[in-house]
Amino acid sequence: MQRAMSSHTDGEVRIVQRLKEKFPQATSLKVVDISGGCGAMYEIHIESDEFKGKRTVQQHQLVNQALKDEIQAMHGLRIFTAVPKQ
Amino acid sequence: MNNLMKLSGRCLLSGARLLRPTVARLLSAEAGQTDLSQLVKKDKVVVFIKGTPAQPMCGFSNAVVQILRMHGVDEYASYNVLEDQELRQGVKSFSNWPTIPQVFFNGEFVGGCDILLQMHQNGDLVEELQKLGIRSALLDEQADEKKK
């Protein structure tokens, strides 16, 4: 099911904002509501030097901490972190 | 009851690999009373999922079960958080991780479904299992391929 990429749900916008605040050095950030716009489940892709040297689970923990409040309202989330290629 | 399941698991293991996942020990009833830090160390591989390995009740939990099955890991402890709300909350506080499923190797929190999938895809899982003294079935498959 293709959604028009020009518009984002309120939830996506809010989460992008929060991540921009907590990861100011992020070079790439994408948040997608994968629950059909219901705000129940999100997929987060984020690349930042702040993840350098950390194990995947630690990188994900950072994202979890950043979205602590938002996560309370979610049913689930998928996180994909990466360190930007030099 | 648990001894029965362990025995049946062993009988099934001695034969050819089954298409259905072999029964992992289900101890959700006891989990509430045991300290979580002890629980995750009791077995080399411990998973907290929604449902059971024979009947996962969530796509992400199922992914964990299937990945372990692909690597031939059929002896692991599995705890059904749907049966125990205290456990469901407790494990999230314990590992400081907000979602289920959760995978532990040798008492150490590894991650959820996405991390396990990543490890499976990049070969890390085979290596981690090796550290636990478990030989991944995928290594045997690769060996078979080479023989052909």
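Described in the following lines is the structure provided in the data block. (Residues numbered from 1 in each chain as written. Chains lettered and ligands numbered in written order. Predicted model: local features only at pLDDT ≥ 70, side-chain atom pairs only at ≥ 80, totals over all residues. Heavy atoms only, no water.)

## Comments concerning the layout of surface pockets
If a probe the size of a water molecule is rolled over the atoms, the empty space left behind becomes visible. Here is the rule: Lining residues are defined by having an atom within 4 Å of a point belonging to a cavity or pocket. Those points lie on a 1 Å grid over the protein atoms alone, cavities being sets where a 1.4 Å probe fits but cannot get out and pockets being open sets with protein on both sides within 12 Å along at least five of seven lines. Grid points are joined across faces, edges and corners, and a volume is the space filled by probe spheres set on the points. Helix numbering and strand numbering both begin at the N terminus, where a helix is a DSSP run of H or I of at least 4 residues and a strand a DSSP run of E of at least 2. Residue polarity is assigned by list, with Asp, Glu, Lys and Arg as charged and Ala, Val, Leu, Ile, Met, Phe, Trp, Tyr, Cys and Pro as nonpolar; anything else, Gly included, falls into the polar class.
Roughly 750 Å³ of internal volume is contained in the largest pocket. Around the largest pocket sit 30 residues that line it, and I71 of chain A together with K92, W97, P98 and T99 of chain B are the ones nearest its centre. Of all the secondary structure elements, the ones that give two or more residues to the lining of the largest pocket are α2 (56-66), α3 (68-72) and β3 (76-82) of chain A together with α5 (85-95) and α6 (113-121) of chain B. For the lining of the largest pocket, the per-class residue count stands at 13 nonpolar, 11 polar and 6 charged. As a volume, the second largest pocket reaches approximately 430 Å³.

## Thoughts on the pairing of strand β4 (residues 102-105) of chain B
Residues and elements named next belong to chain B. Worth spelling out the cut-off: Throughout, exposure labels follow a simple rule: accessible area from a 1.4 Å probe, protein chains only, divided by the maximum for the residue type, with under 20% read as buried, over 50% as exposed, and the rest as partly exposed. Note on pairing: DSSP must find at least two bridges between two strands before they are called paired.
The two faces of β4 match: Q102 and F104 on one face and V103 and F105 on the other face are all buried. Across 4 bridges, the pairing between strand β2 (residues 45-49) and β4 is antiparallel. Within β4, the residue paired with V45 across the bridge is F105. Here β4 pairs with strand β5 (residues 108-111) via 3 bridges, running antiparallel. When the sheet's bridge partners are listed, F105 is paired in β5 with E108.

## As for the state of the cysteines
All names here are of chain B. Put simply, the rule reads: When two cysteine sulfur atoms are found within 2.5 Å, that pair is recorded as a disulfide.
For the structure on display, the rule yields 0 disulfides over all chains. Summary of cysteine pairing: C58 is not part of a disulfide, and the nearest cysteine sulfur, belonging to C113, is at 7.8 Å. Judged by relative accessible area, which is 17%, C58 ranks as buried.

## Looking at unusual backbone geometry
Among all residues except glycine, the phi angle is most often negative; among peptide bonds, the trans geometry is most common. Residues and elements named next belong to chain B. Here the bond from I100 into P101 is cis, since omega is 15°, no more than 30 degrees from zero. Within the element layout of this structure, P101 appears in the loop between α5 and β4. In this structure, N96 is a non-glycine residue whose phi angle is positive, near 55°. Its location among the elements puts N96 in the loop between α5 and β4. Taking relative accessible area as the criterion, N96 reaches 39% and is therefore assigned partly exposed. One non-glycine residue, N106, adopts positive backbone phi at about 50°. Within the element layout of this structure, N106 appears in the loop between β4 and β5. The class for N106 is exposed, based on a relative accessible area of 53%.

## Quick word on the sheet that holds strand β2 (residues 41-47) of chain A
Residues and elements named next belong to chain A. Condition: Only the stretch in contact is used when a helix axis is fitted, and all axes are lines through C-alpha atoms; the angle between N-to-C directions ranges over 0 to 180 degrees.
Reading across from one edge, β1-β2-β3 is the order of the 3 strands in this open sheet, with mixed pairing throughout. Of all strands in the sheet, those with a lone pairing partner are β1 (28-33) and β3, marking the two edges. Each adjacent strand pair in this sheet contributes to an overall mean axis angle of 10°, direction not counted. Inspection of the sheet shows β2 paired to β3 by 7 bridges, in the parallel sense. Within β3, the position partnered with I44 by the bridge is I79.

## Things to note about the environment of A82 of chain A
Residues and elements named next belong to chain A. This is how the line gets drawn: By the convention used here, residues are in contact when the closest approach between their heavy atoms is within 4.5 Å.
Secondary-structure assignment places A82 in strand β3. For A82, a relative accessible area of 26% corresponds to the partly exposed category. Considered as a pair, A82 and F51 are 31 residues apart in the sequence and their alpha carbons are 7.0 Å apart. Setting aside residues no more than four positions away along its own chain, A82 makes contact with I46, E47, S48, F51 and Q59.

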